[in-house]
Amino acid sequence: MKLIFLLFGLWLQWASPAVSAQDLVTDRAWLEDSTGQLQWPQVKDMKATPYQGVLSKGFGSSVLWIRLQVAGVTPNPGAIQDNLVLRIRPVYLDDIQVFDTAAPQGFVGATGDTHHPRASALKGMTFLMPLVATEQSREVWLRVTSTSTRQISATVIRESNLLNTAQTDHLLFALYIGLVSIFSLWGVTYWAFTKEKLAGLFGIQQLAALVYALCVLGYLRMFWPQAWSAQVLDALASVFGMLATSAGIYFNMAFLSEFKIRAWSLWTLRLLASMVFVNLAVFFILDLPRLALQMNLSLVLITPFVLLVSAVFAQAWKQPNLQRQPALPRPVVIGFYSLLLLLLAAASLPGLGLTKGDEIGIYLVQAHGLASGFLVLLMLQYRSYVMHKQQRQVQQNIERLNLQAEQDRKTRQEQEQLLTMLTHELKTPLATMHMRLDPNSKGAPDIKRAIREMNAVIERCLQTTQLGDQGLQIHPAQCDVVVLLNDVVAACPAQQRVKLLLPQQWLIHSDPQLLFIVLSNLLENACKYALPDTPIVVEAGPQSQLIISNVVGKSGWPDQDKLFSKYYRTPGAQRQAGTGLGLYLVRNLMLKLKGRVDYEPQGEQLRFVLTLPAYI
């Protein structure tokens, strides 16, 4: 960006003094005709207000009369007659009538973008009007009307110097058009290959700026066909000026959205971008082109302020996680929009007639477009680089996590194999001890109970492992809940305390083996932790429910939030052998069986309610 500004500044320092040195205008003045009825014979005797450089009168319907005092030209002896050329910029002024006191009839001719460029005596990228050379100083008057902003630069130079001036303009403008074309082509091509929305919007924005530049820099004037209307060329420049403004707002809105701008900022920018439809309606439907163009230039002044405020209050940089913060640093984004505000304010204020303009101001919009386009291109490239770097980091993290997961899987598989081997190796000697134990020996009941508890611990560990690895497969079949409960009670260590309140038959469609594990764990849990010598009631409830209840024992009430968690045991239950896996198994097995288990204490009763599949 600095390089572009440096080149642009150097050109202005070189070209502007050169043009000024060639300029034969020694004095400038202007006056305003609000009625639009004054004629040149009346105006030339009226008092005018002096000015220097570029006249900036903003938008208005009145007629502006500009008086140029042209110095006399001394012809070189023996040289061919060197005529003069009146050079007027910019080329979006509508109608310019030229009067010269040295002309026989006074009226020299008319030009402007409502006059067909093929009708001009001199063809060029600016408005050119030939004047006769005289040795005496004289006045040249311009009558200017325009629906666009009235920034007017008028110089008089020798026709022999016109070629050098035109070549300078062609060189600068061609450089600008070429760079903007490259920006547009890059954006569209990058979007086509990567589907990067922001790059595509950047390409569209630069394309709109390119067409607008072709209009206002005079390229379309040079090649506009004779058969095509000049009014179409005039309207084309106005329409693409509005479209370029809206495209710029929409691109910046999309660009800032990545930085999590506030909702009010987003809606404000959407409203500003949608103003193009209002401007086009005012231009075509209401036939008020001056008002439409004034509204569009006001957007150019207002929007940079909104963009800067949106960037300042954006929330993306407040993320505590550095990896989620945007690719572009906050000072870079705020600095860019601060510069954008200064440049567009310098371009739009003279256009609105709020400040005095100069030679630089005429092309400041193009200089801004080139500099901002170059900066945005750099930011998009840097953003793309950072995003690719982040994607590579994410990919590396994923690969590392996959490797870790594979290692964990292998470790878990080895642990499962070890646990399966241990359970088999432990259950075999325990079964041998149980068979060879003398039932009449002292302590035999306690030893048998200890063996049963060890078997239960081993069995629960194995079932939990199978459950976590989806090793417990469901094999649904018709089964009788009453028969299953009788089998469970028969294997229960305190079967005399279990009281069954069930129908004669309770048929369901489920997995008998898994349901047996559920009922065994619940009854064993009740026998172990219920108050001694109190009954354990198993009864049928409404809607296929099975309720198991007992009086709370010395271990106390469990924590309802942790009851079904893995390895959870109440503090008072630590004196009893257990793993804390029983209720965890019950909850997960019931989910596999398409049922559910709920803990519903009532009074002094611990109650577990099983919701079983419906009756067959």
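Just so we're clear, the structure is a prediction, and the values are computed from it rather than from any experiment.

Calculation rules
Residues numbered from 1 in each chain as written. Predicted model: local features only at pLDDT ≥ 70, side-chain atom pairs only at ≥ 80, totals over all residues. Heavy atoms only, no water. Helix = DSSP H or I, 4+ residues; strand = E, 2+ residues; numbered from the N terminus. Buried < 20%, exposed > 50% of the residue type's maximum accessible area, 1.4 Å probe, protein only. Contact = heavy atoms within 4.5 Å. Areas by Shrake-Rupley, 256 points an atom, 1.4 Å probe, with all protein chains shown as cover. Pairing = 2+ DSSP bridges. Axes fitted to C-alpha atoms, helices over the stretch in contact; angles between N-to-C directions. Parallel < 35°, antiparallel > 145°, perpendicular 65-115°, else oblique. Left-handed = near helix turned anticlockwise from the far one by under 90°. Core = buried A, V, L, I, M, F, W, Y, C linked by side-chain atoms within 4.5 Å. Salt bridge = Lys/Arg side-chain N within 4 Å of Asp/Glu carboxyl O.

Caption draft 1: Quick look at the overall build of the protein chain. Each helix and strand in the protein chain was counted, giving 15 helices and 17 strands. The buried share of the protein chain, reckoned over its 616 residues, is 47%. In the protein chain, once contacts between residues fewer than 6 apart in sequence are set aside, the share between residues at least 24 apart is 74%. As presented, the protein chain carries roughly 31,700 Å² of accessible surface, and 60% of it is formed by carbon and sulfur atoms.

Caption draft 2: Quick peek at unusual backbone geometry. With an omega of -5 degrees, the peptide bond between Arg 89 and Pro 90 qualifies as cis. Within the fold, Pro 90 resides in the loop between strand 5 (84-89) and strand 6 (95-100). For Lys 260, which is not glycine, the phi dihedral falls at a positive 55 degrees. With respect to the helices, strands and loops of the structure, Lys 260 is situated in the loop between helix 6 (230-257) and helix 7 (263-285). Classification of Lys 260 as partly exposed rests on a relative accessible area of 44%. Of note, Lys 594 is a non-glycine position whose phi angle comes to about 65 degrees, a positive value. With respect to the helices and strands, Lys 594 occurs in the loop between helix 15 (582-592) and strand 16 (596-599).

Caption draft 3: Here's a closer look at the pairing of strand 1 (residues 25-33). Across eight bridges, strand 1 lies against strand 4 (residues 63-70) in antiparallel orientation. Bridge pairing in strand 4 links Asp 27 to Gln 69.

Caption draft 4: Broad picture of the sheet that holds strand 8 (residues 127-131). Within the open sheet, the four strands sit side by side as 3-10-5-8. Their pairing is antiparallel. The outermost strands of the open sheet, each flanked by one partner alone, are strand 3 (55-56) and strand 8. One ladder, built from five bridges, connects strand 5 with strand 8; its direction is antiparallel. Paired with Leu 84 across the strands is Leu 131, a residue of strand 8. The strands touched by helix 3 (residues 159-194) are strand 5, strand 8 and strand 10 (151-158); relative to strand 10, the strand with the most contacts, the crossing angle is about 130 degrees.

Caption draft 5: Inspection of the packing of helix 4 (residues 197-216) against helix 6 at higher detail. For the pair helix 4 and helix 6, interaxial distance at closest approach is 8 Å and the crossing angle is 160 degrees. The orientation of helix 4 relative to helix 6 falls into the category roughly antiparallel. The way helix 4 lies across helix 6 gives a crossing that is left-handed. Judged by residue contacts, Lys 197, Leu 198, Leu 201, Phe 202, Gln 205, Ala 208, Ala 209, Val 211, Tyr 212 and Cys 215 of helix 4 engage Leu 236, Ala 237, Phe 240, Gly 241, Leu 243, Ala 244, Ala 247, Gly 248, Tyr 250, Phe 251, Ala 254 and Phe 255 from helix 6.

Caption draft 6: Spatial organisation of the nonpolar core. In this structure, Leu 217, Leu 256, Phe 259, Val 333 and Tyr 337 are the most contacted members of the largest nonpolar core, which totals 56 residues. Mapped by element, the contributors of at least two residues to this core are helix 3, helix 4, helix 6, helix 7, helix 8 (289-312), helix 9 (330-351) and helix 11 (364-436). In terms of residue count, the dominant contributor to this core is helix 8 (eight residues). Among residues more than four places away in sequence, those in contact with Val 333 are Leu 256, Phe 259, Ala 311, Trp 317 and Leu 328. Formed by 40 residues, the second largest nonpolar core is a distinct cluster that contains Val 498, Ile 517, Val 597 and Phe 608.

Caption draft 7: Just the sheet that holds strand 16, in detail. Taking strand neighbours across the sheet as the criterion, the five strands line up as 12-14-15-17-16 in an open arrangement whose pairing is mixed. Either end of the sheet is taken by a strand with one partner, and the two such strands are strand 12 (498-501) and strand 16. Geometrically, the sheet is characterised by an average inter-axis angle of 20 degrees between neighbouring strands, direction not taken into account. Sheet contacts for helix 15: strand 16 and strand 17 (605-611); angle to strand 16, the most-contacted strand, approximately 140 degrees.

Caption draft 8: Main features of the pairing of strand 15 (residues 545-551). Of all seven residues in strand 15, six are buried; the element is thus mostly enclosed. In this sheet, strand 15 lies alongside strand 14 (residues 536-541) in antiparallel orientation, the contact comprising six bridges. When the sheet's bridge partners are listed, Gly 541 is paired in strand 15 with Gln 545. The antiparallel pairing of strand 14 with strand 15 creates a hairpin that spans three residues between the two strands, and Gln 543 there sits at a positive phi of about 55 degrees. Where strand 15 and strand 17 come together, seven bridges link them in antiparallel fashion.

Caption draft 9: Seen up close, the pattern of salt bridges. With the rule as written, the count across this model stands at six salt bridges. Ionic pairing is found between Asp 27 and Arg 67, a salt bridge with its closest N-O pair at 3.2 Å. Placement of the pair is Asp 27 in strand 1 and Arg 67 in strand 4, with a sequence separation of 40 residues. Looking at Asp 27, the relative accessible area reads 32%, which means it is partly exposed. With its nearest N and O atoms 2.7 Å apart, the salt bridge here joins Arg 596 to Asp 598. Taking the relative accessible area as the measure of exposure, Arg 596 reaches 46% and is therefore partly exposed.

All quantities given are derived from atomic positions and should not be read as evidence of function.
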